[in-house]
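Residue-level structure breakdown
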Amino acid sequence: MRSSRSEDDRGFNHPRAHRAHSFRKTIKVSRSLRLSRALEIPADIAERLQSTDSSQRAAALVDLASAGGDESFALISRSFDDPSVEVRSVAARALYSLQPDHAASFTRALREASSERRRKIGSAIAASGLAANAINSLTGEGRDRTYSAFSILFLMAKAGEVQPLLQSIAKHPNIEVRLTSVKLLALSNQHQVLPALRSLAARDALPAEVHTAVMEAIYLLSNQTREVA
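This one's a predicted model, so the numbers in the text were calculated from it and none came from an experiment.

A word on the overall build of the chain
Of regular secondary structure, the chain possesses 14 helices and zero strands. Overall, the chain shows an N-to-C arrangement of helices and strands of α-α-α-α-α-α-α-α-α-α-α-α-α-α. A fraction of 58% describes how many contacts in the chain between residues 6 or more apart in sequence connect residues 24 or more apart. Carbon together with sulfur atoms contributes 51% to the accessible area of the chain, which is approximately 13100 Å² in total.

Shown next as structure tokens:
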């Protein structure tokens, strides 16, 4: 009876294993080259976008943001489906810096995205630090900067990510920022935020004007819910 296969037969050192590994690597490089040619991006960026190393994929997104263009936009948007939180966060920052009109990039990405990708884009805006920066810019100098911050936060809320705004209402030291955060939630039409708003309204420490704004938001969202029903 023939003995079982040796360790070398089963191990990676066997010539067959080397050939299989080389074949897989060739396929990966071939896919990267096809992606590069199809979208007219540098081959090294295309290869890093398909790396198994999340830090390599994230670094490629930074380079795409610097390159600009529709090809970069398409690949950055696709990266919101990446399994890595780090990559998705970098994708949000890359999309933000892709063009001067920061909100326009997110508007387009959300409009073209599936419902699942929209949710991931909203979460990435929060996780990347963009939401925190935007909240702090709501009363900053310059109308353009304030409008951009408002737009980014509104898009984030519309995508279903509301936690940064709720935290702002509860804790931000600037009353105007808190009031604007309430307004954003009221405009977002996200009815699932109602229990959290009711919980905020029950807090004794909430400033009077913020409490009034929260109650108005609850009333508005509740009416919208009844109209939909």
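Once you've had a look at it, read on.
As for unusual backbone geometry
The backbone phi angle of N189 is positive, close to 65 degrees, even though this residue is not glycine. Looking at the secondary structure, you find N189 in the loop between α12 (175-188) and α13 (194-201). Here N189 falls in the partly exposed class, since its relative accessible area comes to 33%.

Description of the pattern of salt bridges
Under the definition given, this model contains seven salt bridges. R48 is the salt-bridge partner of D44, the closest N and O atoms lying 3.3 Å from each other. Taken as a pair, D44 and R48 lie in helix α3 (residues 43-49) at a separation of four residues, close to a single helical turn. Using a relative accessible area of 44% as the deciding quantity, one classes D44 as partly exposed. On the accessibility criterion, R48 (17% relative accessible area) is buried. A salt bridge links R48 to D63, with the nearest nitrogen and oxygen atoms 2.7 Å apart. One end of the pair, R48, is in helix α3; the other, D63, is in helix α4 (residues 54-67), with 15 residues separating them in the sequence. Exposure remark for D63: the relative accessible area of 31% places this residue in the partly exposed category. Three or more residues joined by partner-sharing salt bridges are found here, namely D44, R48 and D63.

Let's talk about the layout of surface pockets
Taken as a whole, the largest pocket spans an internal volume of roughly 210 Å³. If you trace the largest pocket, you find ten residues lining it, with L49, L75, R78, S79 and D82 closest to the centre. When contributions to the lining of the largest pocket are tallied by element, the ones reaching two or more residues are α4 and α5 (70-78). In terms of lining, the second largest pocket is formed by Y96, H102, L130, N133, A134, S137, R145, S148, A149 and I152.

Parameters and conventions
Residues numbered from 1 in each chain as written. Predicted model: local features only at pLDDT ≥ 70, side-chain atom pairs only at ≥ 80, totals over all residues. Heavy atoms only, no water. Helix = DSSP H or I, 4+ residues; strand = E, 2+ residues; numbered from the N terminus. Contact = heavy atoms within 4.5 Å. Areas by Shrake-Rupley, 256 points an atom, 1.4 Å probe, with all protein chains shown as cover. Buried < 20%, exposed > 50% of the residue type's maximum accessible area, 1.4 Å probe, protein only. Salt bridge = Lys/Arg side-chain N within 4 Å of Asp/Glu carboxyl O. 1 Å grid on protein atoms, 1.4 Å probe; cavity = no way out; pocket = protein on both sides within 12 Å on 5 of 7 lines; lining within 4 Å. Points joined across faces, edges and corners; volume = space filled by probe spheres on them.

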